[in-house]
Amino acid sequence: MATDWLGSLVSINCGEALGVYQGEVSSVDQSSQTISLRQPFHNGVRCPVPEVTFSAMDIKELKILDIRNGGSGSVGGPSQGGMANSYSTGHKPGGGGRGPVSSNPVAVPLKAEPRSLEGLTSPQQCSKSYGERHLEAPGQMKGFRRRHNSWSSSSRGPNQSTPKKNGLKNGIGAGQMKIKDDECFGDGMDEGLDTDFDFEGNLALFDKAAVFSQIDTSERRGNGTRSRGTPSDRTPSRYRHDENILEAKPVVYRQISVPQSGGKEYCTDSGLVVPSVSYELHRRLLFMAERLGLSLERRLEMTGVCASQMALTLLGGPNRLTPKNVHQRPTVVLLCGPHVQGAQGVSCGRHLANHEVEVVLFLPNFVKMLESITNELALFGKTGSKQVSSVKDLPDGPVDLVINCLDCHENAFLRDQPWYRVAADWANQNRAPVLSIDPPVSGQEQAVEAKWSLSLGLPLPLAESAGRIYLCDIGLPRQVFQEVGITYHSPFGCKFVIPLHPA
């Protein structure tokens, strides 16, 4: 029985580790349970050795592709489509049994048509479109039923091949080969796809004017609030990048009204109008804040925080104050007087010193000082910064910033004091930019010309020498403004210090 299989073409599946071998049976040994293949192919590639022997333990499945010896159970030869008939034994070699025909044969080069690795055709070479096949054989039969096969040209591996379409093979003509291809790979689509779709003709069937007219008529009958017209009747709206498209109501830019105008008006970057107030109204506002619980100490702390934040920004902010730039720490000189404005300057100097700024505080010696100044000086001394009482002890060279807190709202005679004149002369000769905190209202020119001025709560009508005006939020609740007759809506937004521009 073993000799009946000699010369037959078989396919041996040895599992995922060893792969699939195909070739001609050269010998079968029943005693040792082995089978040998001549001119073997391993996964579709010719093996470098002329013969390979397999043990029955390694064989997972054995398929007979072609029986050459004419033994029992063999068929006449390859099928009409050029593919070899496939038999599956389901037994180990030497068992003598043959199983049913396999539905998925593996294509192996036949003995009458040997092919090398270079001769294997790729899926791109053997797959043609449906239209090309009709052009090649215009006279072929079109009445057959096309069948879709899951094993298509896109799912074939690179080591598998399909029958050649040109020429004769195994006695089968080219026309019959095309019929087989169409039955296997045909897509079943009609030939009507060759006609182009008329887009312009179908678009002309749509009467846009009539449709829009019908929509207008239906809206008028339903008392619709919207009016639609043809595209030519509509005017497109154009918006800027800072405009809100969904605007519910017009913006009110004058949200603050005061009973007594100070004579000047300012506006913020967003356009909100901020009127100035007189000094009397400003003093009543601060007195009402202390009465309602916002003490002087809280106000000094808030003013010091806002002023120091503005000063840090003027000094360069994160570009200047970095851990890698400790050798170039900015220097700030504070010129303070013996009053509440001087206490605000001392509070600002303490916060600047906490942010690694070299602060030099100038405050003349007085026999008796305000309690607020004494408390602020005690906290400032804990920072380790320098405090001087004479102008001679101030830096000789230029500094980064001078903060002026020499002036007072109530006492204008301080300008006649010698220490005031000497400190003002030093500030003007140093040529450093000057920031004035809460400057007073005065018809005279300022002794120290400032580049920036910081007002508290609401601005005062300052002179031109005050420089650019800034406004800081010192935490006054809305009820405090209502108590003095001011209609107030906060203009600060997300900031605590905002610039003001002349309206």
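Here is a short report on the structure shown in this document. Because the structure is predicted, anything quoted here is derived from the model rather than measured. (Residues numbered from 1 in each chain as written. Predicted model: local features only at pLDDT ≥ 70, side-chain atom pairs only at ≥ 80, totals over all residues. Heavy atoms only, no water.)

Quick notes on the sheet that holds strand β8 (residues 261–267)
On the basis of which strands lie adjacent, the open sheet formed by three strands has the order β9-β8-β18 and antiparallel pairing. The open sheet is flanked by β9 (273–277) and β18 (501–502), the only strands paired with a single partner. As paired strands, β8 and β9 are joined by four bridges and run antiparallel to one another. For serine 261, the partnering residue across the bridge sits in β9 and is valine 277. (Pairing = 2+ DSSP bridges. Helix = DSSP H or I, 4+ residues; strand = E, 2+ residues; numbered from the N terminus.)

Comments concerning the sheet that holds strand β12 (residues 386–388)
The sheet built from eight strands is open, its strands ordered β12-β11-β10-β13-β14-β15-β16-β17 with mixed pairing. In this open sheet, the two edge strands, each paired with only one partner strand, are β12 and β17 (497–499). Pairs of neighbouring strands in the sheet enclose a mean axial angle of 20°, with direction left out of account. Helix α8 (residues 296–314) rests against β13 (401–405), β14 (434–437), β15 (452–456), β16 (468–472) and β17 of the sheet, and its axis sits at about 165° to β14. (Axes fitted to C-alpha atoms, helices over the stretch in contact; angles between N-to-C directions. Contact = heavy atoms within 4.5 Å.)

Some details on α8
Over its 19 residues, α8 runs 27 Å from end to end, which matches the ideal 27 Å to within 8%, given 1.5 Å per residue. Among the residues of α8, those classed as buried are Arg299, Leu300, Thr303, Gly304, Cys306, Ala307, Ser308, Met310, Ala311 and Leu312. Just downstream of α8 lies glycine 316, where phi reads positive at about 125°. (Expected span 1.5 Å × (residues − 1). Buried < 20%, exposed > 50% of the residue type's maximum accessible area, 1.4 Å probe, protein only.)

Here's the deal with the environment of alanine 353
When you line up the elements, alanine 353 lands in helix α9 (residues 340–354). Exposure remark for alanine 353: the relative accessible area of 15% places this residue in the buried category. Expressed as a C-alpha distance, the spacing of alanine 353 and threonine 383, which sit 30 residues apart in the sequence, is 6.4 Å. Not counting chain neighbours up to four residues away, the residues in contact with alanine 353 comprise Val359, Thr383 and Ser385.

What about the pattern of salt bridges?
The full count for this structure, using the stated rule, is nine salt bridges. Between glutamate 24 and arginine 38 there is a salt bridge; the shortest N-O distance is 3.2 Å. Here glutamate 24 is found in strand β2 (residues 20–29), whereas its partner arginine 38 is found in strand β3 (residues 34–42), with 14 residues between them in sequence. Here glutamate 24 falls in the buried class, since its relative accessible area comes to 10%. Ionic contacts of the salt-bridge type, sharing partners, join the residues Glu301, Arg350 and Glu376 into one network. (Salt bridge = Lys/Arg side-chain N within 4 Å of Asp/Glu carboxyl O.)

Digging into the packing of α8 against α9
Two elements in contact, α8 and α9, have axes whose closest approach is 7 Å; the angle formed by their N-to-C orientations is 55°. The orientation of α8 with respect to α9, classified from their angle, is oblique. Classified by chirality, the crossing of α9 by α8 is right-handed. Of the residues in α9, those touching α8 at Leu296, Arg299, Leu300, Glu301, Thr303, Gly304, Val305, Ala307, Ser308, Ala311 and Leu312 are Val340, Ala343, Gln344, Ser347, Cys348, Arg350, His351 and Leu352. Residues belonging to the contact of α8 with α9 are distributed by class as follows: ten nonpolar, six polar and three charged. (Parallel < 35°, antiparallel > 145°, perpendicular 65-115°, else oblique. Left-handed = near helix turned anticlockwise from the far one by under 90°. Nonpolar A, V, L, I, M, F, W, Y, C, P; charged D, E, K, R; others polar.)

Comments concerning the pairing of β2
The buried fraction of β2 amounts to seven of the ten residues, a majority that puts the element mostly inside the structure. Where strand β1 (residues 9–13) meets β2, five bridges bridge the pair, whose relative direction is antiparallel. If you follow asparagine 13 over to β2, its bridge partner there is valine 20. Where β2 meets β3, seven bridges bridge the pair, whose relative direction is antiparallel. Each bridged residue has a counterpart across the sheet, and for glutamine 22 the counterpart in β3 is phenylalanine 41. The antiparallel hairpin formed by β2 and β3 contains four residues in its connecting segment, where glutamine 33 sits at a positive phi of about 55°.

Let's talk about helix α11 (residues 418–430)
Its 13 residues give α11 an end-to-end C-alpha distance of 18 Å, which sits within 8% of 18 Å, the value for a rise of 1.5 Å per residue. The positive-phi residue at the C-terminal boundary of α11 is arginine 431, with phi of around 65°.

Points about the nonpolar core
Counting residues in each nonpolar core, the largest one holds 60 residues, and the members touching the most others are Leu352, Leu401, Ile403 and Ile486. Sorting elements by how many residues they give to this core places α8 first, with six residues. Apart from the residues lying within four places of it in its own chain, the contact partners of isoleucine 403 are Ala311, Val332, Val333, Leu334, Leu335, Cys348, Leu352, Leu435 and Ile437. Within the second largest apolar cluster, 22 residues are counted, among which are Val388, Ala424, Trp426 and Ala432. (Core = buried A, V, L, I, M, F, W, Y, C linked by side-chain atoms within 4.5 Å.)

Looking at unusual backbone geometry
Positioned with a positive phi, glutamate 356 is a non-glycine residue whose angle comes to about 60°. The backbone of arginine 431 shows a phi angle near 65°, a positive value even though the residue is not glycine. Tracing the sequence through the fold places arginine 431 in the loop between α11 and β14.

Thoughts on the pairing of strand β6 (residues 61–66)
Strand residues, when the strand is regular, have side chains that alternate between the two faces of the sheet. Across the six residues that make up β6, a large majority, five, are buried. Pairing of β1 with β6 involves five bridges; the strand directions are antiparallel. Within β6, the position partnered with serine 11 by the bridge is lysine 63.

A look at the packing of aromatic side chains
Inspection of the entire model under this criterion finds five aromatic pairs. The interplanar angle of 85° and the centroid separation of 6.0 Å between the aromatic rings of phenylalanine 366 and tryptophan 419 together place this pair among those described as edge-to-face. Of this pair, phenylalanine 366 sits in the loop between β11 (358–362) and α10 (371–381) while tryptophan 419 sits in helix α11, and the two are 53 residues apart along the sequence. Judged by relative accessible area, tryptophan 419 falls into the buried class, the value being 16%. Among the aromatic residues, those joined into a cluster by ring pairs are Phe366, Trp419 and Tyr420. (Phe/Tyr/Trp six-rings, centres within 6.5 Å; stacked < 30°, edge-to-face > 60°.)

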